[in-house]
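Survey of secondary and tertiary structure
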Amino acid sequence: MGDRKFFVGGNWKMNGVKTDIDGIVQFMNAGPLSENTEVVVSPPAIYLDYARQKLDSKIGVAAQNCYKAEKGAFTGDISPKMILDCGCKWVILGHSERRNVFGENDQLIGEKTKHALESGLKVIACIGEKLEEREAGQTMDVVCRQTKALLDNIADDKWGNVVLAYEPVWAIGTGKTATPEQAQEVHDELRKWLSGNKSADVAKNVRIIYGGSVNAANCKDLAGKPDIDGFLVGGASLKPDFVKIVNAKE
Ligand code: PGA
């Protein structure tokens, strides 16, 4: 096993106005958050600056998306340069809601990943199969295809700035978590695939986190699996219980 620091991300999605964010900041800053976990929260773009200013500096902040250019005529979008300018170091790319609600494809997500990394951001890159794909036995085909599109866009020296988030679409926001065994199996197979298609070093060192209905009750069992290096948490990241998920390894 590589030396992979446990990583927990809180994806707020399109939730919360300033008063809600104040509440989240309060329980996050109060913690206590395990020193052994890297923690990053992801507010809506319009509140990146607000959240960054209020959160303790040991808590990282991620944008939920960005475009593949520094600036220009791209109405409604934001660039890595702007995210960095707000003091934030991370971006989530390829979330299933970006893929399935907003129609982003593997190629675009790959290009965004490349530009974000070249700009100096760190990337939480999301992958995961839909229910019908799992039921058709295509889970690894889908996950590897999505990962290949990322891999082609990640320079050798940037892998340390990438966290892969395996988020089966059928588990997101449904309350239907993958079992620890199901998640471990995909993480393990993905690591083997990375070893064959990239390098043993990347496979050993890249953090692969799980997302999909993670909560305070199921996080410890999931965290106990050898290839689950943390979580990307949606709904439960808006509530004080998120602190328990951050501390799932303790
Ligand atoms: P959920 O969302 O925890 O609400 O299922 C996870 C995610 O979309 O990252």
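Placed above this text is the structure.
No experiment lies behind these values; they were computed from the predicted model shown. (Residues numbered from 1 in each chain as written. Predicted model: local features only at pLDDT ≥ 70, side-chain atom pairs only at ≥ 80, totals over all residues. Heavy atoms only, no water.)

What follows covers the pattern of salt bridges. Overall, the coordinates contain 20 salt bridges when judged by the stated rule. Among the ionic pairs, Arg145 bridges to Asp106, the shortest N-O distance being 2.7 Å. On the criterion of sequence distance, the pair formed by Arg145 in helix H7 (residues 139-151) and Asp106 in helix H5 (residues 106-119) is long-range, its members being 39 residues apart. Judged by its relative accessible area of 16%, Asp106 falls in the buried class. Residue Asp188 pairs with Lys192 through a salt bridge whose shortest N-O separation is 2.9 Å. Residue Asp188 and its partner Lys192 are located together in helix H8 (residues 180-197), separated by four residues, close to a single helical turn. Relative accessible area serves as the criterion here: at 25%, Asp188 is assigned to the partly exposed category. (Salt bridge = Lys/Arg side-chain N within 4 Å of Asp/Glu carboxyl O. Helix = DSSP H or I, 4+ residues; strand = E, 2+ residues; numbered from the N terminus. Buried < 20%, exposed > 50% of the residue type's maximum accessible area, 1.4 Å probe, protein only.)

Okay, the environment of Gly110 next. By secondary structure assignment, the location of Gly110 is in helix H5. Residue classification places Gly110 among the buried positions, given a relative accessible area of 0%. In this structure, the C-alpha to C-alpha distance between Gly110 and Glu70, residues 40 residues apart in sequence, is 16 Å. Leaving out residues up to four positions away in the same chain, Gly110 has contacts with Ala149 and Asn153. (Contact = heavy atoms within 4.5 Å.)

Moving on, we get to helix H1 (residues 18-30). The terminal C-alpha atoms of H1 lie 18 Å apart, and with 13 residues this matches the ideal 18 Å at 1.5 Å per residue to within 8%. Turning to H1, its buried residues number three or more, namely Ile21, Ile24, Val25, Phe27 and Met28. Of the surrounding secondary structure, the elements contacted by the buried residues of H1 are strand E2 (37-42), helix H2 (48-54) and helix H11 (242-246). With its phi angle positive at about 55°, Gly31 sits one or two positions after the end of H1. (Expected span 1.5 Å × (residues − 1).)

So, about the packing of aromatic side chains. Applying the stated rule across the entire model yields four aromatic pairs. Aromatic side chains Phe6 and Phe231 sit 5.7 Å apart centroid to centroid with 90° between the ring planes, which places their arrangement in the edge-to-face category. One end of the pair, Phe6, is in strand E1 (residues 6-11); the other, Phe231, is in strand E8 (residues 230-233), with 225 residues separating them in the sequence. Accessibility assignment for this pair places Phe6 and Phe231 in one class, buried. With a centroid separation of 4.7 Å and 45° between ring planes, the pair formed by Tyr67 and Phe74 is classed as tilted. The exposure class assigned to Phe74 is partly exposed, which follows from its relative accessible area of 37%. The ring centre of Phe102 lies 3.9 Å from the NZ or CZ of Arg98, which sits over that ring. (Phe/Tyr/Trp six-rings, centres within 6.5 Å; stacked < 30°, edge-to-face > 60°. Lys NZ or Arg CZ within 6 Å of the ring centre and 35° of its normal.)

Once that is clear, we can look at the side chain of Asn218. Turning to its location among the elements, Asn218 is positioned in the loop between strand E7 (207-211) and helix H10 (219-223). Not counting residues up to four positions away in its chain, the partners in contact with Asn218 are Thr177 and Ser213.

Once that is clear, we can look at the pairing of E2. Across the six residues that make up E2, a large majority, five, are buried. Pairing of E1 with E2, which is carried by six bridges, proceeds in the parallel orientation. When the sheet's bridge partners are listed, Val8 is paired in E2 with Val39. Between E1 and its parallel partner E2, the chain crosses via H1, and the hand of that crossover is right-handed. Pairing of E2 with strand E3 (residues 60-63), which is carried by two bridges, proceeds in the parallel orientation. Residue Val41 lies in a different strand from E3, and its bridge partner there is Val61. Handedness of the E2-H2-E3 crossover: right-handed. (Pairing = 2+ DSSP bridges. Right-handed = clockwise from strand over helix to strand, strands pointing away.)

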